[in-house]
Amino acid sequence: MIRRPPRSTLFPYTTLFRSKKCSPDDTLKANLLNDLGITQSKLGNLQHTLEYNERALKIRMDLFGERHPDTANSLNNVGGAYGEKGDYDRALEYYERALKIRMDLFGERHPDTANSLNNVGFAYGHKGDYDRELEYYERALKIRMDLFGERHPDTAMSLNNVGFAYGHKGDYDRALEYYERALKIYMDLFGERHPDTAMSLNNVGGAYGEKGDYDRELEYYERALKIRMDLFGEQHPDTATSLNNVGFAYYKIGNKSLSAEQYGNALRVYRALLGDKHDRSISCSLNLLEVLFDMKRYPHALRIIDEFISSIPTNHPSYSQFLQFKDRIPGVRKQSKRSKKKKRR
């Protein structure tokens with residue numbers, strides 16, 4: 001998540017570390033670009049998010065050098081933009097640079113350091129290193145509990161993330177415990193109609209699903225979807241994620257028609273916002289294909305398969321999955337074999 005530190009955090013350092021070549025206009029421009037990047041992220045415009053954050057970073061590097069809080073903030077935001085685009089190696093690179101600066105400037109017991117530890121954990125989790133994910137998330141949680149206590153949004157975020165790491169490691173009881181603690185804080189602080197509450201409801205639903213309670217999973221997923229539709233409308237990545245999750249829950253309780261409908265809605269949003277090459281679009285399309293095959297809706301499935309085969313590189317890990325789906329369509333495999341024989345002649 002891309003977050004700008006509170007102005008009370010930034011103010012002392014913008015004077016303490018100001019260089020001779022710094023001008024108020026340049027500082028203002030960097031701040032505006034940073035804020036535009038945050039706005040674009042909230043709107044789901046990921047390419048513009050990265051563009052604005054990289055421009056802000058360049059100005060701050062020129063003004064302050066690497067060892068400055070504003071530079072660390074921009075490095076963090078560029079990392080966040082890469083993470084949202086699914087490039088977790090680049091995200092980790094920028095997050096670790098930001099963490100090093102904040103550790104040098106502030107030490108461990110500081111809100112910005114906790115934010116960086118949290119983000120490094122996020123990147124490790126998406127790279128599949130769940131032990132290091134949990135390690136960084138727990139360090140961030142300890143700092144936030146010490147600084148803010150339990151009833152604070154940042155503490156709730158850390159509780160949520162520790163739950164996420166436990167879920168990755170297969171400990172769904174511990175995951176649910178942390179998710180429910182986070183949800184209670186968000187409900188107390190923000191009420192139901194808030195993005196963080198929706199995120200927390202989504203995570204509680206996921207934990208119930210992993211424990212085999214699919215009715216409660218659907219209940220929480222639908223509550224999260226309603227909030228996101230009210231706040232963002234349909235054309236937003238978070239709404240698409242909720243649509244995908246509701247589709248998943250319907251599939252597990254055996255309602256394939258509604259599952260296909262919600263997967264299809266999610267896929268339309270992902271493709272419009274992120275393109276066919278993004279991991280979320282590919283994952284959602286594969287989910288939809290499973291349902292379409294169960295329902296024997298082969299023409300619809302074939303159209304999706306051909307569109308993605310023509311869009312993603314042949315060396316993409318999921319490329320072969322689309323080919324395998326295509327081979328399962330009655331008649332298609334035989335046609336493919338006849339075509340290959342003709343080519344050999």
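Residues numbered from 1 in each chain as written. Predicted model: local features only at pLDDT ≥ 70, side-chain atom pairs only at ≥ 80, totals over all residues. Heavy atoms only, no water.

J.: Please explain helix α5 (residues 88-106) as it appears in this structure.
T.: An α-helical turn contains 3.6 residues, so any two residues separated by three or four positions project in the same direction. Here α5 spans 26 Å end to end across 19 residues, near enough to the 27 Å set by a 1.5 Å rise per residue. Looking only at α5, the buried set comprises Tyr88, Ala91, Leu92, Tyr94, Tyr95, Ala98, Leu99, Ile101, Arg102, Leu105 and Phe106. Residue Gly107 follows α5 closely and has a positive phi angle near 80°. (Helix = DSSP H or I, 4+ residues; strand = E, 2+ residues; numbered from the N terminus. Expected span 1.5 Å × (residues − 1). Buried < 20%, exposed > 50% of the residue type's maximum accessible area, 1.4 Å probe, protein only.)

J.: I'm lost on unusual backbone geometry in this one. Help?
T.: The phi torsion of most residues other than glycine is negative, and most of the peptide bonds are trans. Of note in this structure, Lys296 is not a glycine but carries a positive phi near 60°. One can find Lys296 in the loop between α14 (279-294) and α15 (298-311). For Lys296, a relative accessible area of 59% translates into the label exposed.

J.: What's the story with the nonpolar core in this structure? I'm lost.
T.: Formed by 35 residues in total, the largest nonpolar core has its most connected members in Leu288, Leu289, Ile305 and Phe322. Those elements that place two or more of their residues in this core are α11 (214-232), α12 (237-252), α13 (256-274), α14, α15 and α16 (319-328). With residues up to four places along the chain from it excluded, the contact list for Leu289 reads Ala301, Ile304, Ile305, Phe322 and Phe325. (Core = buried A, V, L, I, M, F, W, Y, C linked by side-chain atoms within 4.5 Å. Contact = heavy atoms within 4.5 Å.)

J.: Would you take a moment to explain the packing of α11 against α12 for this structure?
T.: Any two packed helices are characterised by how steeply their axes cross, that is the angle between the axes, and by the distance between the axes. Running from N to C, α11 and α12 cross one another at 155°; their axes reach a closest spacing of 9 Å. It follows that α11 is roughly antiparallel to α12 by the angle criterion. For the crossing formed where α11 meets α12, the hand is left-handed. For the pair α11 and α12, contact is made by Tyr214, Glu217, Leu218, Tyr221, Glu222, Ala224, Leu225, Arg228, Met229 and Phe232 and by Asp238, Thr239, Thr241, Ser242, Leu243, Asn245, Val246, Phe248, Ala249, Tyr250 and Lys252, respectively. A class-by-class count of the residues in the contact of α11 with α12 yields 12 nonpolar, 4 polar and 5 charged. (Axes fitted to C-alpha atoms, helices over the stretch in contact; angles between N-to-C directions. Parallel < 35°, antiparallel > 145°, perpendicular 65-115°, else oblique. Left-handed = near helix turned anticlockwise from the far one by under 90°. Nonpolar A, V, L, I, M, F, W, Y, C, P; charged D, E, K, R; others polar.)

J.: Any chance you could explain the packing of aromatic side chains here in plain terms?
T.: Each pair of aromatic rings is reported with the distance of its centres and the angle of its planes. Tallying each qualifying case throughout the model produces 9 aromatic pairs. Ring pairs connect the aromatic residues Phe293, Tyr298 and Phe325, which therefore count as one cluster. (Phe/Tyr/Trp six-rings, centres within 6.5 Å; stacked < 30°, edge-to-face > 60°.)

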